[in-house]
Amino acid sequence: MSNSIETGTAVIELRDIVKRFPGVVANDGVNLTVRKGSIHAIVGENGAGKSTLMKTLYGAHQPDEGTITVNGVVQQFKSPRDAIAAGIGMVFQHFMLADNLTVWENVVLGDEPGSALRLDIRGARKRINELAKQNGLEVDPDTLVVELGVGEKQRVEILKVLYRGAQILILDEPTAVLVPHEVDELFASLRALTAEGATAVFISHKLDEVLKFADAITVIRAGRTVGQVDDPSSITAHALAEMMVGSELPSPETRVSTVTTDVALSVHNLTTGPIELPTLADVSFDVHRGEILGIAGVEGNGQAELIGAIMGLSASTGRVELFGADISHSSTRARREGGIGYIPEDRQRDGLALPLPLWENAMLGHQTQKPYGNGRWIDKAGAQKQTDEIIAEYDVRTPGNSVPAFTLSGGNQQKLIVGREMVAHPTVLVASHPTRGVDVGAQAIIWDILRDARSQGLAVLLVSADLEELIGLSDRLLVMLRGAVVAELPPNEVTPAELGSYMTGVKSMVTSGASTATASATNDGTA
Amino acid sequence: MTAAVVNPSSTPSSTSGPLSMRLLRMMDGRTTLIVAGLGVLIVSLARVISGDNDLTSSGTFGVALRTAMPIAMAGLAGLYAERSGTVNIGLEGMMIMGTIFAGWWGWYFNPWMALLGGLVGGMLGGLLHALATVTFGVNHIVSGFAINILAPGIARFMGNELFSQEEGGSITNSPGNKGDIGRFTMPFTSGGDLFGWKTPDPLGWIEKKQWFVLSDISGLLRGLTAALTLDIIIAVGLVILSWYVLWRTPFGLRLRSAGEKPSATDSLGVSVARIRYEAMALSGAMAGFGGAIMVLFSNRYQEGQTGGRGFLGLATLILGNWRPGGMLGGAGLFGYASGITLRTTPENLVRGLILAAAMALVVSAFWALLNKKYVVAGIVLAIGLVGIYSYAVFEKPNNQFVYIFPYIVVLVVVSARNQSLRPPAAEGIPYFKGQQG
Amino acid sequence: MLRKLTGALTAPIIAGAVAIIASSIALVISGNSPVTAFREMWMTIDSTESVVVIINSAVPFYVAGVAVAIGFQMNLFNIGANGQYQLGALFAAAAGAAVSLPAPLHVAFVLLVAVVVAGLWAAIAGLLKVYRNVNEVISTIMLNYVAVGLSAFLVSEYFRNNDVKLVAETKKLPASAQLPALNRLLEVFGLNLGDGVVLQGFLPIAIVLGIGYYLLLYRARFGFELRLSGLNPAAATTAGVKPRAMILKTIVLSGCIAGLIGMSDLLADPQYHKYGDQFPKTLGFTGLALALLGRNHPGGIAAAAIVWATIERATQRLSLIGIPQEIGTILQGSFLLAAVIVYEVVRRRNNEQTAREASRAVHGPPPDPGLSSANAAGALP
């Protein structure tokens, strides 16, 4: 929507920015013009160089070539301090907030009121309250950040930027962690700010919101600018996506149903956490052979606990059955040996040991079994041979099986993990965010792998935050909210927006039933 | 199927936090008071039963304060380091650097210069640790241990060079300090002098009456106010000052942020490396000052006189949940436990304290019982009864047992401590400029 | 292979240079000539006798290094090796003197007692960590002091040899519990060490220990899981390793091996064969240094143990020519500190280079961030 044609002057002009890192060129001739008072979107797929560009603009590192012009002045930012002084503020995707400090402490850090010998705490509080009120960013200055929700944390980040008097806000994937109504709130605040003369630049790869909220769009692909759209109403999401990817889009859609009636994995009344406030509340469902069961939900609503309970990683009550056998009291190892494959949500935290070579990483979770060893001793040759197979079959781009895992890109790390689970021929696969943070190519490959395995009879439990992925791959969708399953939806009828409203509790299923959900309005309307 | 009825309310995000956390913090203050009150009651009861009045005499508390402050200084050193994100296991080494410099300057100049020497020696150790961990990103524990191994070597070498040819000195000890640092007694409460007039000593008078609880509290207060050496007063002042610096100045805020989320500190244009260097310099200085206090106490440098106090300081820091108040409390407890071993009748005192501890355990067993934690209650009660039994059976504990007593106290207290501790989030993780996370 | 070897040697050589410079500075400050000092040091070690002495003292160092390294491999800092081996040695000495068994059995019995006692003592720290979340650094240090007091108490009250009046010590082990010198064995190979030079008998056990350590850590599934737990505990848990059991097993294993630290002196050193005041008390700390220097690798620790023992031997006669022999501790300390720094710098540089080469080889996107910090990659050298 282009509610007004921007006629403001250019506040930011980037010309031919080149930024190289050891072994790669992250930005290779980027041009960008941002007009005063506009909300400017920068889109591009993972690894296109958006974040690198924004960091250059924020002074976090210096470009190797090219010029940065802010308000008509050519700038050379040596550090974020210089960028701050030039009126630029950055809201990072991963919040730069110290959890154990209060809101006011986080906001004033580095630019404290008072003297070197005394912090003016009262002044800080007053100033923050003023800023918050002016811009509709209400938050209590004395709360510890750890006690805030995601939306509130983002407000604190924006307050930090405003506190420093920034007129240009850079937001790195600001909506990645927000639920739909929080996204609306965020852009309402940004709109109010730009109305008063500020400028906002945001990075996104969610095209619908880019088209909905941006005044202008710049598309980046493989480190280069491939286009600037000054009137978003003139372009469709599909055209924009093709600009971004440079080719036809992959689609996660599952074609023919292969769902059988054999129950592979079955959970009954799974519960974790304290009785008063369970983190997982009485969850029951079945996953059949040849079925992908999708779990949707805002992160932190019990998905991690559900997976922990199924994999035996955390204590829970209730029953888990694998092909009818009760495995509730089995160890994680026994469950994995019993045929459950597992793709953890955070590959670097849970799935890999980065300094170890690929062949040792390939053993993770299967180290007790052939061909990796006999349970007591490791079979190095066997493990390396198996790793080579994974590398070949699952398109892991690497010079060999003995390089450390940290040398792989995110997508290749993920393919290695998916590959090592699949070559073990699991009967049930628990996949948590299997394509998070991987490039489009790897995403398409992983989707294909999951689809193929499903059609050969694998039962898949898929937890994801990517609604397109969930809708496209799943045979059935469950929605989780506050630890409970609150809805079951047919993926071929539901839209992402509808799914979003179940996830936030705006809509809920009052009666049990497979398809039609009864919507019920809630007290959430004021937001 | 499995669709459940929901009761929607406001936002879906974290429902876990605010109220319960606040409640916990409130509880913390009040329970501390209750525990302290109970503690006084129990110790005073133990004094009456065991019949050794030295258990709560002002003399004992005075020594407890003296032995507590080096530990507290080490804890303070740990506080600066860890709050800025650097694990400082090298405290012991930095204390040793403090003692050798203090012994040197105290002998060469005077006791005041000994304190300065302690600061300087410790600071050198701290900066070395910063060089390894901040500039080169070495694992903090590894570097700390390297310093713990290097420091005694340097001290030995310096001791040989400086003292071995001097009269009264040897490679393992300095010849002795030039003079005393001076003492202070609070007027009107503990009999201090005021312009040459000796004021009354009401606390001392009550203490001598040996009244239940009342005399014990007077003993405590008088121990903390009578015949204090000036270095101890400075040390207590440093703890208070450090609280102010860390929580009421911009420098302190930046320091704490570097220990919680260095990328945030960095992204706002504050150099994490610089902050951590400064914090390590302060940390080393505090540890060295702790060493200097010990040199003043024994009036000379002695090899090995730190005796693990750097590590005890770390334990108090953990015990105090990385806050100065709690840290001081922990140091006081350990100081008391090791202080009594320096009194004239340590065996009796240790016995008395075992009785007190056993009684405290029995009380907490009942507390656990009320909270329906039967297993815990059982274990605690059993240990308490063993304590009472050993009090009754062992008339005179072996002096080796007296020696290990303070360390056992540390072990028990650290193990028994509530587990909801919260160390600085970024502690021990090397940070390089521009890094995420 | 050659490249790997030179790569592995660069860091220690740089560290050695730093250490020599640092101690030279200390020598110059104290008014001595570094040249004279180092020449004297060289002359001291340049003899068969010195080589044998160095090997003899390197053996317990090596065992200590291996004991600590096992903990390091999973990020556990077993600072308590001192207490563990002292108690182990005390009980072993007392038990060994109290029974009579045929020779090989007697030795095995003494070893077993030491290993079990030290392992049990280490288990205290393990249990506290697993069930009460007490940091093992704190607990093992406190347990060291307790062990010192406890062993002094036990040796004076219960295990004392009443024939000796002046000092508290255990009875001497009977000959059946002593390990014979290896001189005879060497003579079979035509090597005659000469009079008064004794190559002590614990060396073969230390070698077996090193091989066992290597096989366990790098060839066995248990060792793989142990290293994995050290590098990334979360991934290890996900891969089916039980974290608490792993911690407990590792601490106890480290303690058991620590129990062997004192055995070289007890069983094979003619000077001892008993536990008393003179028995070495701080080998565990040396083990820490050696594990760090040797980067937890069995071969590296062996090299480090030799270097350490060489420095000790070389500085022994310095005081005869008026140079403080304490320069040895500075040499050791600065070598250690320089080594850990250089290892870290080299490691980072190698990692960056490997990542660059790998991404160049596949023309792919850059490696995932987290190269320098993530996943405990920088944990230990």
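Residues numbered from 1 in each chain as written. Chains lettered and ligands numbered in written order. Predicted model: local features only at pLDDT ≥ 70, side-chain atom pairs only at ≥ 80, totals over all residues.

1. Here we look at the overall build of chain A
Then comes step 1: On a plain count of helices and strands, chain A comes out with 17 helices and 22 strands.
Then comes step 2: In terms of C-alpha radius of gyration, chain A reaches 25 Å, essentially the compact-globule figure of 24 Å for 527 residues.
Then comes step 3: Oriented by its inertia axes, the alpha-carbon framework of chain A measures out at about 70 × 55 × 55 Å.
Then comes step 4: Buried positions account for 54% of the 527 residues belonging to chain A. (Helix = DSSP H or I, 4+ residues; strand = E, 2+ residues; numbered from the N terminus. Rg over C-alpha atoms; globule rule 2.2 N^0.38 Å. Buried ≥ 20, exposed ≤ 12 C-beta atoms within 10 Å, placed from the backbone.)

2. A short note on the overall build of chain C
Then comes step 1: From N to C terminus, chain C includes 15 helices and 0 strands.
Then comes step 2: In terms of overall size, chain C behaves like a compact globule, its C-alpha atoms giving a radius of gyration of 22 Å where 381 residues would be expected to give roughly 21 Å.
Then comes step 3: Across the 381 residues of chain C, 54% fall into the buried class.
Then comes step 4: Put simply, of all contacts in chain C between residues at least 6 apart along the chain, 75% involve residues at least 24 apart. (Contact = placed C-beta atoms within 7 Å.)

3. Points about unusual backbone geometry
Then comes step 1: Residue Pro371 of chain A follows Lys370 of chain A across a cis peptide bond; omega there is 0°.
Then comes step 2: Counting through the fold element by element, Pro371 of chain A comes out in the loop between helix H12 (358-363) and helix H13 (380-393).
Then comes step 3: A positive phi angle, near 45°, is found at Glu173 of chain A, a position not held by glycine.
Then comes step 4: Positionally, Glu173 of chain A belongs in the loop between strand S9 (168-171) and helix H6 (180-195).
Then comes step 5: Its identity as a non-glycine residue notwithstanding, Asn321 of chain B has a phi of 55°, on the positive side.
Then comes step 6: Its location among the elements puts Asn321 of chain B in the loop between helix H12 (309-319) and helix H13 (324-339).

4. Topic: the nonpolar core
Then comes step 1: Counting 408 residues, the largest nonpolar core has Ile170 and Val479 of chain A, Ala72 and Met73 of chain B together with Ala114, Leu336 and Val340 of chain C as its most contacted members.
Then comes step 2: Here the element with the most residues in this core is helix H11 (residues 272-298) of chain B; it accounts for 16 residues.
Then comes step 3: Each residue touching Val479 of chain A, except ones within four places of it in the same chain, is listed here: Ala296, Gly297, Val485, Val486, Ala487, Leu489, Tyr502 and Met503 of chain A. (Core = buried A, V, L, I, M, F, W, Y, C linked by C-beta atoms within 7 Å.)

5. Focus: the pairing of strand S16 (residues 317-322) of chain A
Look at any regular strand and the pattern is simple: side chains alternate between the two faces of the sheet.
All names here are of chain A.
Then comes step 1: Of the pairings in the sheet, the one linking strand S13 (residues 263-272) to S16 comprises 5 bridges and is antiparallel in character. Of the residues in S16, the one forming a bridge with Val267 is Val320.
Then comes step 2: Examined bridge by bridge, S16 and strand S17 (residues 325-326) share 2 bridges and lie antiparallel to one another. Counterpart to Leu322 in the pairing with S17 is Ala325. (Pairing = 2+ DSSP bridges.)

6. Points about the environment of Gly230 of chain C
All names here are of chain C.
Then comes step 1: With respect to the element layout, Gly230 can be found in helix H9 (residues 221-231).
Then comes step 2: For Gly230, a count of 22 C-beta atoms within 10 Å gives the class buried.
Then comes step 3: Along the backbone, Gly230 and Val155 are 75 residues apart, and their C-alpha atoms lie at a distance of 38 Å.

7. What to know about the interface of chain B and chain C
Then comes step 1: Chain B puts 43 residues into the contact, and the matching count from chain C is 45 residues.
Then comes step 2: A total of 15 residues in the side of chain B that touches chain C trace back to one element, the largest contributor, which is helix H5 (residues 140-163) of chain B.
Then comes step 3: Here the residues of the side of chain B that touches chain C sort into 29 nonpolar, 12 polar and 2 charged. (Nonpolar A, V, L, I, M, F, W, Y, C, P; charged D, E, K, R; others polar.)

8. A few points about helix H7 (residues 214-223) of chain B
Then comes step 1: With 7 of its 10 residues buried, H7 of chain B lies for the most part within the structure.
Then comes step 2: Among all positions in H7 of chain B, only Ser215, Asp216, Ser218, Gly219, Leu220, Arg222 and Gly223 of chain B are buried.

9. Notes on the sheet that holds strand S21 (residues 476-481) of chain A
All names here are of chain A.
Then comes step 1: Read from one edge to the other, the open sheet built from 6 strands follows the order S18-S19-S20-S15-S21-S22, with strand pairing classed as mixed. Looking along the sheet, the strands with just one partner apiece sit at the ends: strand S18 (340-343) and strand S22 (484-489). In this sheet, neighbouring strand axes are inclined to one another by 20° on average, regardless of whether the strands run parallel or antiparallel.
Then comes step 2: In terms of strand pairing, strand S15 (residues 292-296) meets S21 through 4 bridges, oriented parallel. Bridge pairing in S21 links Gly294 to Leu477.
Then comes step 3: Contacts from helix H9 (residues 303-311) reach S15, S18, strand S19 (428-432), strand S20 (459-463) and S21 within the one sheet, and its direction differs from that of S19 by about 150°.
Then comes step 4: Each of S18 and S19 is contacted by helix H14 (residues 410-422), which is oriented at about 180° to S18, the strand it contacts most. (Axes fitted to C-alpha atoms, helices over the stretch in contact; angles between N-to-C directions.)

10. Describing the packing of H13 of chain B against helix H16 (residues 399-416) of chain B
Residue and element names in this part refer to chain B.
Then comes step 1: One can describe the packing of H13 onto H16 by two numbers: an axis separation of 8 Å at closest approach and a directional angle of 150°. Viewed along their axes, H13 and H16 adopt a mutual orientation that is roughly antiparallel. Here H13 and H16 pass one another in a crossing that is right-handed. Residues Leu333, Phe334, Ala337 and Ser338 of H13 form the contact with H16, whose participating residues are Phe405, Pro406, Val409, Val410 and Val413.
Then comes step 2: A breakdown of the residues in the contact of H13 with H16 according to their chemical character gives 8 nonpolar, 1 polar and no charged. (Parallel < 35°, antiparallel > 145°, perpendicular 65-115°, else oblique. Left-handed = near helix turned anticlockwise from the far one by under 90°.)

11. Concerning the sheet that holds strand S3 (residues 39-43) of chain A
Residues and elements named next belong to chain A.
Then comes step 1: If you trace the 6 strands from one edge of the open sheet to the other, you get S6-S9-S10-S3-S11-S12, paired in mixed fashion. Two strands in the sheet have a free side with no partner beyond their single neighbour: strand S6 (88-91) and strand S12 (224-229). On average, each strand axis in the sheet is inclined to that of its neighbour by 20°, with strand direction left out of account.
Then comes step 2: Pairing of S6 with S9 involves 4 bridges; the strand directions are parallel. Bridged to Ile88 within S9 is Ile168.
Then comes step 3: Contacts from helix H1 (residues 50-58) reach S3, S6, S9, strand S10 (199-204) and strand S11 (216-221) within the one sheet, and its direction differs from that of S6 by about 145°.

12. As for the packing of helix H3 (residues 48-73) of chain C against helix H8 (residues 203-218) of chain C
All names here are of chain C.
Then comes step 1: At their nearest, the axes of H3 and H8 sit 10 Å apart, and the two run at 20° to each other. Considering the angle they form, H3 stands roughly parallel to H8. Considering only the axes of H3 and H8, their crossing is left-handed. Judged by residue contacts, Ile55, Val59, Tyr62, Val63, Val66 and Gln73 of H3 engage Leu203, Ala206, Leu209, Gly210, Tyr213 and Leu217 from H8.
Then comes step 2: For the contact of H3 with H8, the per-class residue count stands at 10 nonpolar, 2 polar and no charged.

13. Concerning helix H15 (residues 374-393) of chain B
Residues and elements named next belong to chain B.
Then comes step 1: With 20 residues, H15 should cover 28 Å at 1.5 Å per step; its first-to-last C-alpha distance of 28 Å lies within 8% of that length.
Then comes step 2: Of all the residues in H15, the buried ones are Val380, Gly387 and Tyr391. Buried residues of H15, seen end-on, are gathered within an arc of 40° and therefore sit on one face of the element. Within H15, the exposed residues directed more than 90 degrees away from the buried face are Tyr374, Val375, Ala382, Tyr389, Ala392 and Val393.
Then comes step 3: Turning to H15, the residues buried within the fold contact helix H14 (346-370). (Expected span 1.5 Å × (residues − 1). Arc of directions from axis to C-beta.)

14. Let's talk about the confidence of the model for chain A
Any residue range with low pLDDT should be treated as having predicted coordinates unsuitable for detailed reading.
Residue and element names in this part refer to chain A.
Then comes step 1: Summing up the model confidence of chain A, the mean pLDDT is 85 and the portion of residues at 70 or higher is 92%.
Then comes step 2: When the criterion is pLDDT under 50, residues 1-6 qualifies, and its contacts beyond four places in sequence or with other chains add up to 10 contacts.
Then comes step 3: Every residue in residues 510-527 scores below 50 in pLDDT, and together they form 28 contacts with partners more than four places removed in sequence or on other chains. (pLDDT = per-residue confidence, 0-100.)

15. Some thoughts on the environment of Leu105 of chain C
Then comes step 1: Its place among the elements puts Leu105 of chain C in helix H5 (residues 103-132).
Then comes step 2: Residues Leu105 of chain C and Ile306 of chain C, spaced 201 residues apart in sequence, show a C-alpha to C-alpha distance of 30 Å.

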